[in-house]
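The primary structure of each chain is shown beneath.
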Amino acid sequence: MRGTPRPGQIPRSLALTLLVSLGVGLAGAWWSAWQSGLPDVPMATSTGKSFAWSDLDGRWGLVYFGYRGCPSACPTALSGLAKEIRALGPQEARVQVVMISVDPERDTPARLGAYVRYFHPRFIGVQVPDARDLTLVCKAFGAAFAAPATAGGEIEHALDVFLIDPRGRLRGRLSPPFVPGEVAKALRG
Amino acid sequence: MSYRIASWFVVACAAVTCGPVAASARAGGLRATVEMVPAVSLWIAEAPPGTDVLGVYGRLEGRGQSDALQAAALDGVREVRLHVLTRGPSGGGLMQPLARLAVPARGAVDLKPEGVHLMLIGLGRTFAAGQTLKMRLTFARAGVVVVKVPVRRRD
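Note on numbering: residues in each chain are counted from 1, in written sequence order. All chains are assigned letters beginning at A, and all ligands numbers beginning at 1, according to the order in which they are written. In keeping with the model being predicted, local features are shown solely for residues with a pLDDT of at least 70 and side-chain atom pairs are shown and tallied solely at 80 or more, while totals for entire chains, interfaces and linings include all residues. Just so you know, side-chain values use all the structure's heavy atoms and leave hydrogens and water out.

K.L.:
Just to check I follow, could you spell out the overall build of chain B for this structure?
P.N.:
Helix and strand counts for chain B come out as one helix and 10 strands. For the purposes of this entry, the term helix denotes a DSSP run of H or I that reaches at least four residues, the term strand denotes a run of E that reaches at least two, and both are numbered from the N terminus. Going from the N terminus to the C terminus, chain B shows its helices and strands as α-β-β-β-β-β-β-β-β-β-β. Partly exposed residues are those whose accessible area sits between 20% and 50% of the maximum for their type, while under 20% is buried and over 50% is exposed, using a 1.4 Å probe and protein chains only. A burial count over chain B gives 43% of its 155 residues as buried. Throughout, a residue-residue contact means that at least one pair of heavy atoms, one from each residue, lies within 4.5 Å. Residue pairs at least 24 apart in sequence account for 60% of intrachain contacts in chain B once pairs closer than 6 positions are excluded. Exposure was quantified through the Shrake-Rupley algorithm and a 1.4 Å probe, taking into account, for residues, occlusion by the shown protein chains and nothing else. Surface summary for chain B: the accessible area is close to 7800 Å², and the carbon and sulfur share equals 53%.

K.L.:
Where do I start with the interface of chain B and chain A in this structure?
P.N.:
Note on interface size: it is often stated as the accessible area lost on association of the parts. At the interface, 28 residues of chain B touch 25 residues of chain A. What counts as buried area is the accessible surface, traced by a 1.4 Å probe, that two parts surrender upon association, with contributions from both included. Taking both partners together, chain B and chain A bury about 2000 Å²; carbon and sulfur atoms supply 58% of that area. Any Lys or Arg side-chain nitrogen found within 4 Å of a carboxyl oxygen on Asp or Glu counts as a salt bridge. Across the contact surface, chain B and chain A share zero salt bridges. For this analysis, a polar contact is any N or O atom pair within 3.5 Å, provided that within protein one partner can donate a hydrogen and the other can accept it, and provided that sequence-adjacent residues contribute only side-chain to side-chain pairs. Remark: the boundary between chain B and chain A carries 10 residue pairs in polar contact (both at pLDDT 80 or more). For the side of chain B that touches chain A, the elements supplying multiple residues, two or more each, are strand E2 (53–61), strand E4 (77–87), strand E5 (93–97) and strand E8 (116–123) of chain B. Here the side of chain B that touches chain A gets four residues from one element, more than from any other, and that element is E2(B).

K.L.:
Honestly, helix H4 (residues 131–141) of chain A in this entry has me stumped. Any pointers?
P.N.:
Residues spaced three or four apart along an α-helix face the same direction, because each turn holds 3.6 residues. Residues and elements named next belong to chain A. Within H4, the full set of buried residues consists of Asp133, Leu134, Val137, Cys138 and Phe141. Along the axis of H4, the buried residues cluster in a sector spanning 140°; they form a single face. In H4, those exposed residues whose orientation departs by more than 90 degrees from the buried face are Arg132 and Lys139. Residue aspartate 130 occupies the N-cap position of H4, its side-chain oxygen lying 2.8 Å from the main-chain nitrogen of arginine 132. In the segment just after H4, glycine 142 is the residue with positive phi, at about 75°. In this context, the arc is that of the directions from the helix axis out to the C-beta atoms.

K.L.:
Whenever I open this one, the side chain of Ser79(A) confuses me. Can you help?
P.N.:
You can see Ser79(A) is positioned in helix H2 (residues 73–87). Among all residues touching Ser79(A), those that are not within four sequence positions of it are Phe119(A), Arg154(B) and Asp155(B).

K.L.:
Hey, could you run me through empty space enclosed by the protein in this one?
P.N.:
One way to see where empty space is left: roll a probe the size of a water molecule over the atoms. As defined here, a cavity is a set of points on a 1 Å grid over the protein atoms alone where a 1.4 Å probe fits but cannot get out. A pocket is an open set with protein on both sides within 12 Å along at least five of seven lines, and residues line them when an atom is within 4 Å of a point. Grid points are joined across faces, edges and corners, and a volume is the space filled by probe spheres set on the points. By the definition in use, this model includes three cavities of 30 Å³ or more. As for the largest cavity, its lining consists of Ser79(A), Ala82(A), Arg86(A), Tyr118(A), Phe119(A), Glu46(B), Arg153(B), Arg154(B) and Asp155(B). Elements supplying a minimum of two residues to the lining of the largest cavity: H2 and helix H3 (109–119) of chain A. With three residues, the single largest contributor to the lining of the largest cavity is H2(A). Residue classes in the lining of the largest cavity are distributed as three nonpolar, one polar and five charged. Under the scheme applied, nonpolar residues are Ala, Val, Leu, Ile, Met, Phe, Trp, Tyr, Cys and Pro; charged residues are Asp, Glu, Lys and Arg; polar residues are all the others, including Gly.

K.L.:
Looking at this structure, how should I read the pairing of strand E4 (residues 124–127) of chain A?
P.N.:
In the case of a regular strand, side chains alternate between the two sheet surfaces. All names here are of chain A. Side-chain alternation along E4 places Ile124 and Val126 on one buried face and Gly125 and Gln127 on a second face that is also buried. Note on pairing: DSSP must find at least two bridges between two strands before they are called paired. As paired elements, strand E1 (residues 44–45) and E4 share two bridges and run antiparallel to each other. Among the inter-strand pairings, threonine 45 is bridged to a residue of E4, identified as valine 126. In terms of strand pairing, strand E3 (residues 95–101) meets E4 through three bridges, oriented parallel. The partner of valine 98 across the bridge, within E4, is isoleucine 124.

K.L.:
Where do I start with the sheet that holds strand E8 (residues 170–174) of chain A in this structure?
P.N.:
What links the strands of a sheet is backbone hydrogen bonding, and the strands pair in either a parallel or an antiparallel sense. All names here are of chain A. Spatially, the six strands line up as an open sheet ordered E1-E4-E3-E2-E7-E8, and their pairing is mixed. Bordering the open sheet on either side are E1 and E8, each of which pairs with just one other strand. Taken together, the four bridges between strand E2 (residues 60–66) and strand E7 (residues 161–164) define a ladder with antiparallel strand orientation. Paired with valine 63 across the two strands is phenylalanine 162, which belongs to E7. In this fold H2 packs onto E2, E3 and E7, with an angle of close to 165° to the strand it touches most, E2. Sheet contacts for H4: E2, E3, E7 and E8; angle to E2, the most-contacted strand, approximately 125°. Between N-to-C directions, angles span 0 to 180 degrees; the directions come from axes that are lines fitted to C-alpha atoms, helices contributing only their stretch in contact.

K.L.:
What am I meant to see in the nonpolar core here?
P.N.:
In a soluble, globular protein the nonpolar side chains are often hidden away together inside. To define a nonpolar core, start from buried Ala, Val, Leu, Ile, Met, Phe, Trp, Tyr and Cys residues and group those joined through side-chain atoms within 4.5 Å. Of all hydrophobic cores here, the largest spans 53 residues; its most connected members are Trp53(A), Leu62(A), Val63(A), Phe65(A), Ile100(A), Phe123(A) and Phe141(A). In terms of residues, this core owes the most to one element, H2(A), which gives seven residues. Setting aside anything within four residues of it in sequence, one finds Trp53(A) in contact with Leu38(A), Pro39(A), Met43(A), Val63(A), Ile100(A), Val137(A), Phe141(A) and Ile164(A). Membership of the second largest hydrophobic core comes to 30 residues, among which are Val37(B), Val77(B), Leu82(B) and Val147(B).

If you want it as structure tokens, here you go:
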């Protein structure tokens, strides 16, 4: 009879259950694996709270690594991002721009806050206080970073903007000079 | 007579349209010589809160003689440097100082964030959109030239 397992054969319902369980398990493992891709290290935001990647909470994250003492690349990138975000209109709320300071000693959360809000009131600045943690975060994104050879010198840092999708996956990067509409296009893609 | 008027007219127009100009004219015909400094069109990006460095961008355009920008100065600023944004050893962006910036005789060089630009270091004054400041530029051939530079928001 159809559907009746022969001796030694696994019942169809059980097989289905096993397959579903396996699928869910694999999906969970994949999700966990991704989650571990971005280090869970202590981070402070310019709003005075701690920051975790899960705070992006279903939104797109646009992550930039920079510092207040950067004369040109950082303000230009943040200004360009602000323009792009405003162009999104009502969809703006779906996106969160995060600037991670590569100069945590001088960029305190309060100073970072005033700096990033100059470009857009919803931008947040993040300080990773521990230098080793900052290196871990940069590596997780594939973001170039090198501390200056002398105190107060130029900091080598990534010029790209990194995209995190609403499920928390690192989806790619945008490189300067940013073309108007590039962010909207990336979010659609 | 008409040639003389014409030659003086050329010099006068150059002086009016090119801003900083060192002009000389040899009376007596069309052999008038005009030694002009590059046309300068620069702007300073408004300072975000808490910053101590700023970029200056725009264009330098040759007016018939090649030249090179060697130095710049601005009151209330500790130092003005010529910089270029390059890729550092780690693959990130890194500023490198430049000794001079060549300006072709017939052509322009753009100063922009992702390339060559001037950097103001040590801001002892405010930089707010709407201001116009005087900057001293030192060219290899044209000498010191004072230009007006507006402060603007980046967007």
